[in-house]
Amino acid sequence: MNRKNLPVGVFVYFVIAFSLGAYFTFAAVQGDFGLFSRAEIDAEASELQVQLDLLNAEVVLMENLTHRLSDTYLDLDLLDEQARAVIGLLRSDEIVIR
């Protein structure tokens, strides 16, 4: 058989093989589960971890304030501060200037 007269089947086989290889390579890099998506997911995970750390710190602060206003432990300074901030309570000897 001459090189000039290659069967069409061999050519079609190589075209299909190359097309499948190109498709799977593209999918591995840019597909839904590809390398770029993985990088985006990792960046989002680190951002969400930072948000989780901030929320945990806020929870610890709120637990501390709740404990300081509980029946077993009452912080009078915090109670006075909250009464002033929330309901605008004043002592009788104070003057308010607006």
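That block above? That's the structure.
My aim in this report is to walk through the structure given alongside it, one point at a time. (Residues numbered from 1 in each chain as written. Predicted model: local features only at pLDDT ≥ 70, side-chain atom pairs only at ≥ 80, totals over all residues. Heavy atoms only, no water.)

What the protein chain contains, in helices and strands, is 3 helices and 0 strands. When the helices and strands of the protein chain are listed from N to C terminus, the series reads α-α-α. Taking 2.2 N^0.38 as the reference for a compact globule, 98 residues should give roughly 13 Å; the C-alpha atoms of the protein chain span a radius of gyration of 34 Å, well beyond that estimate. Taken over the C-alpha atoms alone, the protein chain extends approximately 110 × 35 × 15 Å along its principal axes. Looking at the protein chain residue by residue over its 98 residues, the buried ones come to 6%. Surface exposure of the protein chain reaches about 9200 Å², of which carbon and sulfur atoms provide 64%. Between the averaged position of the 7 positive side-chain charges in the protein chain and that of its 15 negative side-chain charges there is a distance of 16 Å. (Helix = DSSP H or I, 4+ residues; strand = E, 2+ residues; numbered from the N terminus. Rg over C-alpha atoms; globule rule 2.2 N^0.38 Å. Buried < 20%, exposed > 50% of the residue type's maximum accessible area, 1.4 Å probe, protein only. Areas by Shrake-Rupley, 256 points an atom, 1.4 Å probe, with all protein chains shown as cover. Lys, Arg positive; Asp, Glu negative; His and termini not counted. Charge placed at Lys NZ, Arg CZ, Asp CG, Glu CD.)

A rise of 1.5 Å per residue sets the reference length of helix α3 (residues 76–87), with its 12 residues, at 16 Å; its end C-alpha atoms lie 16 Å apart and thus fit the reference within 8%. Just downstream of α3, glycine 88 is the residue with a positive phi angle, here 70°. (Expected span 1.5 Å × (residues − 1).)

With that settled, consider the packing of aromatic side chains. This structure, assessed with the given rule, holds 2 aromatic pairs. With centroids separated by 5.5 Å and ring planes inclined at 70°, the aromatic side chains of tyrosine 13 and phenylalanine 14 adopt a geometry described as edge-to-face. In this structure, tyrosine 13 and phenylalanine 14 share a single accessibility class: exposed. A centroid spacing of 5.2 Å and a plane angle of 65° characterise the contact between tyrosine 23 and phenylalanine 24, whose relative ring orientation is edge-to-face. The exposure classification of tyrosine 23 matches that of phenylalanine 24, with both residues exposed. (Phe/Tyr/Trp six-rings, centres within 6.5 Å; stacked < 30°, edge-to-face > 60°.)

This paragraph deals with the side chain of serine 37. Within the fold, serine 37 resides in helix α2 (residues 35–68). Within polar-contact distance, the side chain of serine 37 engages the backbone oxygen of aspartate 32 at 3.4 Å. Residues within four places of serine 37 in sequence aside, it is in contact with Gly31 and Asp32. (Polar contact = N/O pair within 3.5 Å; in protein donor to acceptor, adjacent residues only side chain to side chain. Contact = heavy atoms within 4.5 Å.)

Below, the discussion takes up the pattern of salt bridges. All chains considered together, the criterion is met by 3 salt bridges. Here aspartate 42 and arginine 38 are joined by a salt bridge, their closest N and O atoms 3.5 Å apart. Of this pair, aspartate 42 and arginine 38 both sit in helix α2, 4 residues apart, roughly one helical turn. Using a relative accessible area of 53% as the deciding quantity, one classes arginine 38 as exposed. With a closest N to O distance of 2.9 Å, aspartate 80 and arginine 84 form a salt bridge. Here aspartate 80 pairs with arginine 84, and both are found in helix α3, just 4 residues apart, close to one helical turn. (Salt bridge = Lys/Arg side-chain N within 4 Å of Asp/Glu carboxyl O.)

So far we have only geometry, and geometry alone does not tell us how the molecule works.
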